[in-house]
4 protein chains.
Amino acid sequence: MNFSPSQKSKDYLSRLRKFMDQHVYPIEHEFTQYYKQHNSSGNWKEWTEHPKLERLKELAKEAGLWNLFLPDNELGQGLSVLDYAPLAEEMGRVYNAAEIFNCNAPDTGNMEVLYHFGSDDQKKEWLRPLLEGKIKSVFCMTEPDVASSDATNIETSIIEDGDDIIINGKKWWSTGLGHPMAKLAIVLGKTDTSKEKHKQHSMVLVPLDTPGVEIKRMQNTFGVYDAPAGHGEVHFTNVRVPKKNLIMGVGAGFAIAQGRLGPGRIHHCMRCIGAAERALQLAIIRSGTRQAFGKPLAKLGGNSEQFAKARIAIDQARLLTHYAAWKIDEHGVKNSMTEISAIKVVAPNVLQEVSDMAMQIHGGAGLSDDFPLINFFIQARALRLADGPDEVHLRMISRLEFKKYLS
Amino acid sequence: MNFSPSQKSKDYLSRLRKFMDQHVYPIEHEFTQYYKQHNSSGNWKEWTEHPKLERLKELAKEAGLWNLFLPDNELGQGLSVLDYAPLAEEMGRVYNAAEIFNCNAPDTGNMEVLYHFGSDDQKKEWLRPLLEGKIKSVFCMTEPDVASSDATNIETSIIEDGDDIIINGKKWWSTGLGHPMAKLAIVLGKTDTSKEKHKQHSMVLVPLDTPGVEIKRMQNTFGVYDAPAGHGEVHFTNVRVPKKNLIMGVGAGFAIAQGRLGPGRIHHCMRCIGAAERALQLAIIRSGTRQAFGKPLAKLGGNSEQFAKARIAIDQARLLTHYAAWKIDEHGVKNSMTEISAIKVVAPNVLQEVSDMAMQIHGGAGLSDDFPLINFFIQARALRLADGPDEVHLRMISRLEFKKYLS
Amino acid sequence: MNFSPSQKSKDYLSRLRKFMDQHVYPIEHEFTQYYKQHNSSGNWKEWTEHPKLERLKELAKEAGLWNLFLPDNELGQGLSVLDYAPLAEEMGRVYNAAEIFNCNAPDTGNMEVLYHFGSDDQKKEWLRPLLEGKIKSVFCMTEPDVASSDATNIETSIIEDGDDIIINGKKWWSTGLGHPMAKLAIVLGKTDTSKEKHKQHSMVLVPLDTPGVEIKRMQNTFGVYDAPAGHGEVHFTNVRVPKKNLIMGVGAGFAIAQGRLGPGRIHHCMRCIGAAERALQLAIIRSGTRQAFGKPLAKLGGNSEQFAKARIAIDQARLLTHYAAWKIDEHGVKNSMTEISAIKVVAPNVLQEVSDMAMQIHGGAGLSDDFPLINFFIQARALRLADGPDEVHLRMISRLEFKKYLS
Amino acid sequence: MNFSPSQKSKDYLSRLRKFMDQHVYPIEHEFTQYYKQHNSSGNWKEWTEHPKLERLKELAKEAGLWNLFLPDNELGQGLSVLDYAPLAEEMGRVYNAAEIFNCNAPDTGNMEVLYHFGSDDQKKEWLRPLLEGKIKSVFCMTEPDVASSDATNIETSIIEDGDDIIINGKKWWSTGLGHPMAKLAIVLGKTDTSKEKHKQHSMVLVPLDTPGVEIKRMQNTFGVYDAPAGHGEVHFTNVRVPKKNLIMGVGAGFAIAQGRLGPGRIHHCMRCIGAAERALQLAIIRSGTRQAFGKPLAKLGGNSEQFAKARIAIDQARLLTHYAAWKIDEHGVKNSMTEISAIKVVAPNVLQEVSDMAMQIHGGAGLSDDFPLINFFIQARALRLADGPDEVHLRMISRLEFKKYLS
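Not measured: the values here are computed from a predicted model.

Draft legend 1. Representation of the overall build of chain A within the structure. Helix and strand content of chain A: 11 helices and 9 strands. Taking 407 residues into account, the globule formula puts the C-alpha radius of gyration at 22 Å, and chain A, at 21 Å, falls close to it. Based on the C-alpha atoms only, the size of chain A along its principal axes is roughly 75 × 60 × 40 Å. Across the 407 residues of chain A, 62% fall into the buried class.

Draft legend 2. Looking closely at the interface of chain D and chain A. Across the contact, 33 residues belong to chain D and 33 residues belong to chain A. Where the side of chain D that touches chain A is concerned, the elements lending two or more residues are α6 (253–289), α7 (303–331), α8 (337–362) and α10 (390–405) of chain D. No other element matches the 12 residues that α7(D) contributes to the side of chain D that touches chain A. Grouping the constituent residues of the side of chain D that touches chain A by class yields 19 nonpolar, 8 polar and 6 charged.

Draft legend 3. Local environment of unusual backbone geometry. Following B:A227, the chain continues into B:P228 via a peptide bond in cis, with omega recorded as 5 degrees. Although it is not a glycine, D:N67 sits at a positive phi angle of roughly 55 degrees. Mapped onto the elements of the fold, D:N67 is located in the loop between α2 (53–62) and α3 (81–92).

Draft legend 4. Structural view of the relation of the copies chain D and chain A. Rotating chain D by 180 degrees and moving it 0.0 Å along the rotation axis overlays it on chain A with an RMSD of 0.0 Å. Accordingly, the operation relating the two chain copies is best matched by a two-fold axis. Every residue of chain D has its C-alpha some distance from the rotation axis, and the shortest such distance is that of D:N2, at 1.9 Å. The residues that chain D uses at the interface reappear at the interface of chain A in 100% of cases, marking a shared surface.

Draft legend 5. Just the relation of the copies chain B and chain A, in detail. By a simple turn and slide, chain B fits onto chain A: the slide is 0.0 Å along the axis, the RMSD is 0.0 Å, and the turn is 180 degrees. Mapped onto chain A, 100% of the interface residues of chain B are again interface residues, and the two copies thus contact each other with one and the same surface.

Draft legend 6. Molecular detail of the interface of chain B and chain A. On the side of chain A, 42 residues touch chain B, which itself brings 41 residues to the contact. Broken down by secondary-structure element, the contributors of at least two residues to the side of chain B that touches chain A are α1 (7–38), β3 (164–175), β8 (291–292), α9 (373–383) and α10 (390–405) of chain B. When grouped by side-chain class, the residues that make up the side of chain B that touches chain A number 16 nonpolar, 17 polar and 8 charged.

Draft legend 7. Fine view of the environment of D:V187. Residue and element names in this part refer to chain D. Among the structural elements, V187 can be located in strand β4 (residues 182–190). With 26 residues separating them along the chain, V187 and D161 place their C-alpha atoms 17 Å apart. Each residue touching V187, except ones within four places of it in the same chain, is listed here: C140, T156, I167, M203, V204, V206 and F236.

Draft legend 8. Geometry of the UniProt feature "domain: Acyl-CoA dehydrogenase/oxidase C-terminal" (unreviewed entry) in chain A. The feature "domain: Acyl-CoA dehydrogenase/oxidase C-terminal" (unreviewed entry), as given by UniProt, occupies residues 251–399 of chain A in the numbering adopted here. The straight-line gap between the two end C-alpha atoms of residues 251–399 of chain A is 25 Å; of that span, 76% is helix and 3% is strand.

Draft legend 9. Broad picture of the pairing of strand β3 (residues 164–175) of chain C. Residue and element names in this part refer to chain C. Where strand β2 (residues 157–161) lies against β3, 5 bridges are found, and the strand directions are antiparallel. Its bridge partner being in β3, D161 is matched across the sheet by D164. In this structure, the hairpin formed by β2 and β3 is closed by a connection of 2 residues, where G162 is found at a positive phi of approximately 65 degrees. By the bridge criterion, 9 bridges tie β3 to strand β7 (residues 231–242) in an arrangement that is antiparallel. Looking at the pairing, I166 lines up with R240 of β7.

Draft legend 10. Highlighting the pairing of strand β4 (residues 182–190) of chain B. All names here are of chain B. With respect to burial, β4 is a largely interior element, 8 of its 9 residues being buried. Bridging between strand β1 (residues 136–140) and β4 involves 5 bridges; their strand directions are parallel. By the bridge assignment for β4, S137 is matched with L184. Where β4 and strand β5 (residues 201–207) come together, 7 bridges link them in antiparallel fashion.

Draft legend 11. Structural context of the domain arrangement of chain A. All names here are of chain A. Along its sequence, chain A is carved into domain 1 (7–132), domain 2 (136–250) and domain 3 (254–405). Here domain 1 and domain 3 have C-alpha centroids that lie 21 Å from each other. Each side of the interface is counted separately: domain 1 has 23 residues, and domain 3 has 27 residues. For the side of domain 1 that touches domain 3, the leading source of residues is helix α4 (residues 81–92), giving 8 residues. Tallied by class, residues from the side of domain 1 that touches domain 3 come to 11 nonpolar, 7 polar and 5 charged.

Draft legend 12. Up close: the UniProt feature "domain: Acyl-CoA oxidase/dehydrogenase middle" (unreviewed entry) in chain A. Under the UniProt annotation, the feature "domain: Acyl-CoA oxidase/dehydrogenase middle" (unreviewed entry) is placed at residues 139–239 of chain A. Between the first and last C-alpha atoms of residues 139–239 of chain A the distance is 16 Å; the span itself is 0% helix and 50% strand.

Draft legend 13. Focus on the packing of helix α8 (residues 337–362) of chain B against α9(B). Residues and elements named next belong to chain B. Interaxial distance between α8 and α9 falls to 8 Å at its minimum, and their mutual angle equals 155 degrees. The angle between the axes of α8 and α9 places the two elements in the roughly antiparallel class. Once α8 is placed against α9, the crossing between them reads as left-handed. Counting all contacts with α8, which are made through P348, L351, Q352, S355, D356, A358, M359 and H362, the residues of α9 involved are L373, F376, F377, Q379, A380, R381 and L383. Split by residue class, the contact of α8 with α9 holds 9 nonpolar, 4 polar and 2 charged.

Draft legend 14. Local environment of helix α10 (residues 373–383) of chain A. All names here are of chain A. Buried residues dominate α10, accounting for 10 of its 11 residues. Of all the positions in α10, only L373, I374, F376, F377, I378, Q379, A380, R381, A382 and L383 are classed as buried. Structurally, α10 contributes buried residues whose contacts are with α7 (253–289) and α9 (337–362).

Draft legend 15. Representation of the environment of A:I154 within the structure. Residue and element names in this part refer to chain A. Inspection of the secondary structure puts I154 in the loop between β1 (136–140) and β2 (157–161). I154 gets classed as buried once you count the C-beta atoms within 10 Å, which come to 23. Spatially, the C-alpha atoms of I154 and M141 are 8.0 Å apart, while their sequence positions differ by 13 residues. Filtering out sequence-adjacent residues up to four positions away, I154 remains in contact with E143, V146, S148, L188, G189, K190 and H201.

Draft legend 16. Layout of the packing of α10(B) against helix α7 (residues 253–289) of chain C. At a minimum axis separation of 10 Å, α10(B) and α7(C) run at an interaxial angle of 85 degrees. With respect to α7(C), the element α10(B) is oriented roughly perpendicular. Across the interface between the two elements, B:E401, B:F402 and B:Y405 of α10(B) pack against C:Q281, C:I284 and C:I285 of α7(C). In terms of residue class, the contact of α10(B) with α7(C) is made up of 4 nonpolar, 1 polar and 1 charged.

Draft legend 17. Summary view of helix α8 (residues 303–331) of chain C. Here α8(C) is 29 residues long and its end C-alpha atoms lie 41 Å apart, about the 42 Å a rise of 1.5 Å per residue gives. At the C-terminal side of α8(C), C:G332 shows a positive phi close to 85 degrees.

Criteria and thresholds
- Residues numbered from 1 in each chain as written.
- Chains lettered and ligands numbered in written order.
- Predicted model: local features only at pLDDT ≥ 70, side-chain atom pairs only at ≥ 80, totals over all residues.
- Helix = DSSP H or I, 4+ residues; strand = E, 2+ residues; numbered from the N terminus.
- Rg over C-alpha atoms; globule rule 2.2 N^0.38 Å.
- Buried ≥ 20, exposed ≤ 12 C-beta atoms within 10 Å, placed from the backbone.
- Contact = placed C-beta atoms within 7 Å.
- Nonpolar A, V, L, I, M, F, W, Y, C, P; charged D, E, K, R; others polar.
- Least-squares fit on C-alpha atoms with pLDDT ≥ 70 in both.
- UniProt positions renumbered as here; feature names shortened; annotations may be inferred.
- Pairing = 2+ DSSP bridges.
- Domains from an automatic or database assignment.
- Axes fitted to C-alpha atoms, helices over the stretch in contact; angles between N-to-C directions.
- Parallel < 35°, antiparallel > 145°, perpendicular 65-115°, else oblique.
- Left-handed = near helix turned anticlockwise from the far one by under 90°.
- Expected span 1.5 Å × (residues − 1).

Below is the structure:
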């Protein structure tokens, strides 16, 4: 249980902070406004990235702040999950800043899948351009017609047909689907429902321009369309791809999906903690600079106690997340199920509560686009469902508790 | 403490329900989609009402379901606040349905101001077309540069100059500002800061086409622009109107504003309760029709306990709101301060919690535009700030408690 | 839904308040100290009532404040459940004050059982002395070896044997068992487990001096022995009583138990509300008279917001309890299951939270015997289990909700 | 931030667990019953330790499990605060087990005061017998007449008079005052109120048999007298002791008191975490072995989610406590104020909530003396006030937050 940041991690953090101060915070508001004003869910085919984004990505690459998430010395920066934790937290302070460093979901999770489980050909064709930031990708798991929080419910079919496989099904909340650079979907479906329930699934790579792939609509999340990536509904109708597009062959889909979610969940949580820190900072500053009833808000009613409670909640969430990261590094994902589920519940809920409190301190401004608070809130709210709803994670934790004491 | 609905109220409720079933629920989804797809905050000058809305208003008028909020036998339907409570609740089940019955904020509050405090000329010029639904209006109170939850902070100036008055200042979160039919702003400002602090304010009627009135922008609320009415920022620069536009003369503004908020807060709360009932209904139905881990969601984990707690919370909120309505009817706004503040805290918080729970039950669908849950949530979240933030109401209640026991 | 107190109820309340002021508050502390110092669970056979108690009972009888709970004009005072509500609340302000007015549990519930379901002989033998306050009684339902929150689990057997019945089983948490005047136990057990599950139970009157009845021990509740009545464990070993001691014959036990709990739960809740009001009053007074960091506690941190939230919670709990009382009066217990379960959850939880908050405001004194706060807390905590734990009531409510929307 | 237990700590933990299994758990229930039945607050002068306690202490000494709390190689076991953390947690699983290892409050804090600040004579006279477990001691800080959560309120006077000092004042909630072996009080009072407010206090050693020291009463805590140590009220009337009994001379009292509370608070919190783990364990076991409505309680309603939430809360509290311990070890008490205050709020609240939940799962048994749950609850509830109420710690944390962002 040594959570002390390594020297390497500290160096990266120092450089990342400088980069954020110099390049990211100054442009934060401009980016938000751009996506709000130039895009809407109705015209998603015309969505564009902010014109300055590619330049920022170049700068990040030059600064060696690229693909920080990948624990590979050559392809990434060779940082452990724990090393990466404070970096993800720092990125999380600005909504969507992870994109600048090629550290955004779902690309990170997709790259990890390809890195760990992809064939050499798959890596060459898809992992490389993803690592270079030339293309974007989508992960298609959730389905509209079933409670896919129970992955055994999934209905999309992935059927072998000679040298090909044929995909049929509907997916939604596929993040990144609206991105102008989105080229690849990784699709989870079922091949053989006669098998044991965790051997039925397959995972397959589907280029988005394959015939039969149809984006039905982009979906607002809590009213917000989240350009330029967005979340959308996509239908697969007799989509045919060669068998070599299967990852690890038929029947491996469930296991890959489980593995994919471990570190990915941690990354989300780290970003939540950074966002919560930022929200608390904004709330405190606001409370010191607005007056009501003859006092700064900081001195009114229970406001200061709210700040103390937020400080405690954030510190606890960070420790638990570092602990989970350390445990994954030391003992692997399978032995860290309680911890991964725990932070997956804790971090988004802390962010939701701290954002809500910070909004309240800001008054009407807190609900506006002038501050990043609503983005933080929606990020948290969505994450309480994405990658497994709170309830599924609590269920996992209680089952592991029962095993300790009940036979 | 007789909350039994009067026969008159029951009759209206019966007719209202029929109207909702016949005309409103069937068109609910279509309305939502329309405003999402045809409008964005960037193009607010082109916002339009849904083409079928005016026809619905005509039907409501014909059905005698018009201006239900106004306790006047001729101009309204002569319903008391308590009589109106279940009707407002019923309307609240569909987001923005109150508009169809000319019972939407801020027009209702503005009409009440004109009804109770307006001169004959003011009534003729503005109250009449508002009651007829020919025009829309705006209430300009909140300001961007001060914590206007403390109304004594307000900085907008309303200065006498011969037969005119001149208005200077900035307002934001002015609801309805973007409506194509918006014609009138009621503006609260200060005339004489040397006076006792509750005698400094004046309230003035300002046609929106007066020179010097400039709509700076429409503001997203929690990411949502709320077309066709919207909420916006408006600046007043040397705006000149005749003195007869003052309501009750200089110095009466604070008292009118206080009076305006009493029943208005109740109306909001009633609608919250209707929305919370709807959210609970949707959650229960969803939980009975989706399966995970081999059971309907209704039987998983603590879901059913969540429903029970929601039932309790809603029933308690309704009783408290009816109690407050009854107390206003019987004892007046001034003697009902604890109750008004109490429901103003309770109802939006109950709606926020129940909506959040219902979203969670719906999974990703709960965050989408396919269900009204996010609209209910945002309605609640905004209302926790509008008409006085929770903290100001708790402050009011505790001060009244102290008076009971501490000298 | 007319909760206005009747003139009769108002008259009783006025006289009751006078009585409390004159006779009860002045002796409150003395009573508490007496039971703490002169009794312990080890010496329960020597427990005595406070010497002044019988005199207080005489005064209450003389004042016509006797058996207020019984809705019978002759035997009680002919007050409806709703009429009685504010009286029970008033008594609840002083721990155990209901005893003075012969309105304490479990005697009230037992008297109601005898009143509604007892034979003439049973009434003559047991109801009369109970109504006169000459004897005390016990209700034996909960069992140590099973989760008796599910009454179908009950294991005590009540078996017919010729003209007698024979009782075997263990009961605990039998309130009043240690009282020096306790003479009668009403015992719930099972007669015929082959019957439909709500027809298996019988209820029987067992004089405590019957051979085979053995008090094993008096049980501390949350560390407190609650003299002079106490709660205890009693074993029945081949206890033989005549068949005429059955209430309503074999198989009627479950239905009677259900009926018994309806108004009884309401009474408990009313007393909780009175206790919560008292706790809030004490907290506010304390907060105005103690200084820390240069201010009265009332002005520190979030204390005043706590008071406001307590005010809201208490007012909501009272309204819900009055509503449930009114509904029982108008529509009967069977049609009021949601409301009875709802207040059974709400009222004790509100009292627990308000007492906890009031303790915190009192500092160390709040945990001492110098204030009634710990008694209120323990009363609430125990009541969250007694008469059905929170979870069972939430379960009931959710089942009724499901019936509305799910077939 | 290396929380990995040292090898030394792991060895101690292994031996401590063996000792607990062999000697403590088997006698837990017997000890509880003994103190309940043989003692009451009324007869405190006759209180005795359980006859087997001294033998257990001897065994603990022999096993090298003695004075584990003291970070001194000779006098204690040379364990750091972090080393000690898991040991204190283990002890905390059984109420008052720390006594067996001479690791109980307030003796530990008192020994630390003497160890760090005492003169050689003071150490010889008092520290030695305390370390040997020959005598017990009391810390007199809290006062009945003022809010002593603000230590500047303290009214007890410690006045120089020639070679003596004279003490006058009232103290209450002095833990250990009723112990048959209590010999020494460490008293905090004020010497010179004209000085700067943190230089006014002095701390003085007062043998309990000094004339003028009068134990007025033992105080129940939440109804429980906590024999054989207890908590009591003691008055000092013209108590005269020699000047050499001052610790660090006049004016040093406040600083010593602050220093005393740092590690002491951590110890309390560690024990809370052990108690919470035990409560959760008991709840889970109970839930697996009791049936209601045809299922084990573990499968009913939201029970399993409660367990998962408890697991998360306990794990977070442990991490935060270890972090605070590590920070004290590495950076000293003064630089760990946020962390010390944070765990002082978190740990008792977690224990209160988990105990409350575990009681509810146990039904009536949970409120009885048959399980340690009520002791855990009361320990937590009292600790939310002792060593500074929650509110004072939240105040401290928010002030440190403000310093970060507001000038």
